[in-house]
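Per-entry structural report
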Amino acid sequence: MRSRKLLFNTAISIIQKYNPCATWLYVPEQRQHLYEWTSRIRNTSPQTQMWAQIGTVDEAKGMLGYSTKPDVLVVQGSESGSHGRAKDGMGLLSLLPEIVDTMAKSDIPIFAAGGIVDDGSVAASLCLGASGVVMATRFLASREARISPGFQTGILRANNGAVSTTRPLLCNHLRGEYGWLEDHVPWTIINKSFVEFRQGRPFEELREMRRALLGVLRAGEGRQGCG
Ligand SMILES: Cc1cc2nc3c(=O)[nH]c(=O)nc-3n(C[C@H](O)[C@H](O)[C@H](O)COP(=O)(O)O)c2cc1C
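Being a predicted model, the structure only gives us computed values, none of them experimental.

**Focus: helix α1 (residues 4-18)**
- Taking 1.5 Å per residue as the helical rise, α1 with its 15 residues ought to reach 21 Å, and the 21 Å between its terminal C-alpha atoms agrees with that figure.
- In terms of burial, α1 is a largely surface element, 0 of the 15 residues being buried.
- Phi for Asn19, located one or two positions after α1, is positive at around 40 degrees.

**Examining the pairing of strand β1 (residues 22-25)**
- Of the strand pairs in this sheet, β1 and strand β2 (residues 49-54) are connected by 4 bridges, and their pairing is parallel. Bridging across to β2, Thr23 finds its partner in Met50.
- For the crossover from β1 across helix α2 (residues 31-44) to β2, the handedness is right-handed.

**What to know about the domain arrangement of the protein chain**
- Partitioning the protein chain into domains gives domain 1 (1-140) and domain 2 (147-227).
- Computed from C-alpha coordinates alone, the two centres of domain 1 and domain 2 are separated by 26 Å.
- On the side of domain 2, 13 residues touch domain 1, which itself brings 13 residues to the contact.
- Secondary structure elements with two or more residues in the side of domain 1 that touches domain 2: β4 (82-85) and α6 (137-140).

**Some remarks on α2**
- If you check α2, its first and last C-alpha atoms are 21 Å apart, about what 14 residues at 1.5 Å a residue would give, namely 20 Å.
- Each element contacted by the buried residues of α2 is listed here: α1, β1 and β2.

Criteria and cut-off values
- Residues numbered from 1 in each chain as written.
- Predicted model: local features only at pLDDT ≥ 70, side-chain atom pairs only at ≥ 80, totals over all residues.
- Helix = DSSP H or I, 4+ residues; strand = E, 2+ residues; numbered from the N terminus.
- Expected span 1.5 Å × (residues − 1).
- Buried ≥ 20, exposed ≤ 12 C-beta atoms within 10 Å, placed from the backbone.
- Pairing = 2+ DSSP bridges.
- Right-handed = clockwise from strand over helix to strand, strands pointing away.
- Domains from an automatic or database assignment.
- Contact = placed C-beta atoms within 7 Å.

See below:
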């Protein structure tokens, strides 16, 4: 995988070229990188909004010391789909109010993320001090989501999160992604690959099975004219 510095330089040249309305920052290798990112983006494209996603009170405290601040702070609770804090994550119900208090003297709007799926969870987030919410997994379950039917069915079937989900790096590794930092792990639905890996099926076999399956799916997409 290319170095994160190289990836960031590439991102900066894209921001310079296209002046996007917003950028989204997440998982700095070291806390001060978030500051470096925000100041470089601000200098490169002053009108581009910066949304920074954090998952701990310490990260929020660190942010207060920066002179260049993000436009929105997204507080990610441990309920979040995909990557989140590996060991020090907290549920949104306790994390959000603590960060809202920590940031009380700052005027950065705080958005809540993690397990927000309906009017009740939006209302709860607003009651706890958020100005808005971020939702991801709920959209994957919508008719408009352009994801594979198997993926969507898996999400809809996972009606008991505690037993249907796990936090393995296996899915990343099967996709050839090794660049994630150790303090962040994904939260994913338990699937066939995970079960078979746990039962002792070699990683290489699972990777081949995945490649073959993707080939079949892509061929199918081509026939339908979507690929
Ligand atoms: C499939 C998927 C991919 C995600 N990819 C990213 C990502 O690339 N960068 C990021 O900052 N957050 C990513 N997230 C996390 C979201 O930013 C957000 O914190 C989280 O999804 C909110 O929780 P929810 O999924 O319960 O709504 C992803 C979430 C999902 C479900």
